[in-house]
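Below, each chain spelled out in residue letters.
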Amino acid sequence: GMNQENFKNEKNDLTKAYIFSISRHYWVGLEDDIKLWVQENWSRWEQEKPEWLTNNLKSRIPVEWIPNDADRQKESVERMRRNSLSR
């Protein structure tokens, strides 16, 4: 599994992103690290659009972890739009 040490030492974003595909109760003890990772990398991900960062995965990232207001707003709007499309 993914524990704090694994997460902190892992350099590969794809491997780290696995955390979002598992239930949030596994994030206990990791939340601060995950949040920091998101905050440090969100802008780069928005530019690079890595393949692993699917809409589905994005929607599992707590929107309040997104580091700046503009990006947070944009992601909130996109999520609402995606939700209305998927009904």
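In this text the structure is predicted, and so the values were computed from the model without any measurement.

(A) Just the packing of aromatic side chains, in detail. As enumerated under the stated definition, the model contains eight aromatic pairs in all. Aromatic side chains Trp37 and Trp52 sit 6.2 Å apart centroid to centroid with 15 degrees between the ring planes, which places their arrangement in the stacked category. Taken together, the residues Trp37 in helix H3 (residues 31–48) and Trp52 in the loop between H3 and helix H4 (55–58) connect sequence positions 15 residues apart. Each of the two residues, Trp37 as well as Trp52, counts as buried. Taking the centre distance of 5.1 Å and the plane angle of 85 degrees together, the rings of Trp45 and Trp52 count as edge-to-face.

(B) Molecular detail of H3. Under the 1.5 Å per step criterion, the end-to-end length of H3 is 24 Å for 18 residues, consistent within 8% with the ideal 26 Å. The largest bend in H3 comes to about 50 degrees, at Asn41. Listing the buried residues of H3 in full gives Asp33, Ile34, Trp37, Val38, Asn41, Trp42, Trp45 and Glu46. In this structure, the buried side of H3 is in contact with helix H1 (4–9), helix H2 (13–17), H4 and helix H5 (69–85). Remark: Lys49 follows H3 within two positions and exhibits a positive phi of approximately 45 degrees.

(C) Up close: the nonpolar core. Within the largest apolar cluster, 19 residues are counted, with the highest numbers of intra-cluster contacts made by Ile19, Phe20, Ile34, Trp37 and Val38. Looking at this core, the element that brings in the most residues is H3, giving five residues. In contact with Ile34, other than residues within four places in its own chain, are Phe7, Ile19, Phe20, Trp27 and Trp65.

Scoring rules and cut-offs
Residues numbered from 1 in each chain as written. Predicted model: local features only at pLDDT ≥ 70, side-chain atom pairs only at ≥ 80, totals over all residues. Heavy atoms only, no water. Phe/Tyr/Trp six-rings, centres within 6.5 Å; stacked < 30°, edge-to-face > 60°. Helix = DSSP H or I, 4+ residues; strand = E, 2+ residues; numbered from the N terminus. Buried < 20%, exposed > 50% of the residue type's maximum accessible area, 1.4 Å probe, protein only. Expected span 1.5 Å × (residues − 1). Bend = angle between axes of the 7 residues up to and from the residue. Contact = heavy atoms within 4.5 Å. Core = buried A, V, L, I, M, F, W, Y, C linked by side-chain atoms within 4.5 Å.

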